[in-house]
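Structural characterization, general
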Amino acid sequence: MSERDILEKAYKEASELNSDDIPSMIKKDIDILITNIESNKSLISALTTSLLKKVLF
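Residues numbered from 1 in each chain as written. Predicted model: local features only at pLDDT ≥ 70, side-chain atom pairs only at ≥ 80, totals over all residues. Heavy atoms only, no water.

1. Focus: the overall build of the protein chain
In terms of helices and strands, the protein chain carries three helices and zero strands. Counting from the amino terminus, the protein chain carries its helices and strands in the arrangement α-α-α. Against the compact-globule benchmark of 10 Å for 57 residues, the protein chain has a radius of gyration of 14 Å, which places it well outside the compact range. Taken along its principal axes, the extent of the C-alpha atoms in the protein chain is 35 × 30 × 15 Å. In the protein chain, which comprises 57 residues, the share counted as buried stands at 2%. Here the protein chain has roughly 5,200 Å² of accessible surface; of this, 60% comes from carbon and sulfur atoms. Averaged over its 8 positive side-chain charges, the protein chain has a centre that lies 5 Å from the centre of its 10 negative ones. (Helix = DSSP H or I, 4+ residues; strand = E, 2+ residues; numbered from the N terminus. Rg over C-alpha atoms; globule rule 2.2 N^0.38 Å. Buried < 20%, exposed > 50% of the residue type's maximum accessible area, 1.4 Å probe, protein only. Areas by Shrake-Rupley, 256 points an atom, 1.4 Å probe, with all protein chains shown as cover. Lys, Arg positive; Asp, Glu negative; His and termini not counted. Charge placed at Lys NZ, Arg CZ, Asp CG, Glu CD.)

So this is what it looks like as structure tokens:
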């Protein structure tokens, strides 16, 4: 399975999720993370690198 296939599969699974299935604590934490990313672009680079390492290795 190629990297693209993995990402497409993950995207498909994520798009099928119902937001009601996600606990409110996680939603709150994600909102905080998104706010921090908007104010600090270097976090985007760090998160991207971390996610790619987890997907590829």
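Next, the rest of the story.
2. Describing the pattern of salt bridges
The tally for this structure, following the rule as stated, stands at one salt bridge. Between Glu8 and Arg4 there is a salt bridge whose closest N-O contact spans 2.9 Å. Residue Glu8 and its partner Arg4 are both found in helix α1 (residues 3–15); the two are separated by four residues, about one turn of the helix. Judged by relative accessible area, Glu8 falls into the partly exposed class, the value being 41%. Residue classification places Arg4 among the exposed positions, given a relative accessible area of 61%. (Salt bridge = Lys/Arg side-chain N within 4 Å of Asp/Glu carboxyl O.)

3. Considering the packing of helix α2 (residues 24–39) against helix α3 (residues 42–56)
Here α2 crosses α3 at 120 degrees, and the two axes come no closer than 6 Å. Classified by the angle their axes make, α2 and α3 are oblique. Here Leu33, Asn36 and Ile37 of α2 come into contact with α3, specifically with Leu43, Ile44 and Leu47. Of the residues belonging to the contact of α2 with α3, the class tally is five nonpolar, one polar and no charged. (Axes fitted to C-alpha atoms, helices over the stretch in contact; angles between N-to-C directions. Parallel < 35°, antiparallel > 145°, perpendicular 65-115°, else oblique. Contact = heavy atoms within 4.5 Å. Nonpolar A, V, L, I, M, F, W, Y, C, P; charged D, E, K, R; others polar.)

4. Regarding a nonpolar patch on the surface
Together, Leu17, Ile22, Ile26, Ile30 and Ile34 line one region of the surface with nonpolar side chains, adding up to about 410 Å² of accessible area. Relative to the elements of secondary structure, Ile26 occurs in helix α2. Ile26 sits in the partly exposed class, given a relative accessible area of 42%. (Patch = residues over 30% accessible without salt bridge, like charges linked within 9 Å, V, L, I, M, F, W, Y side chains within 5 Å.)

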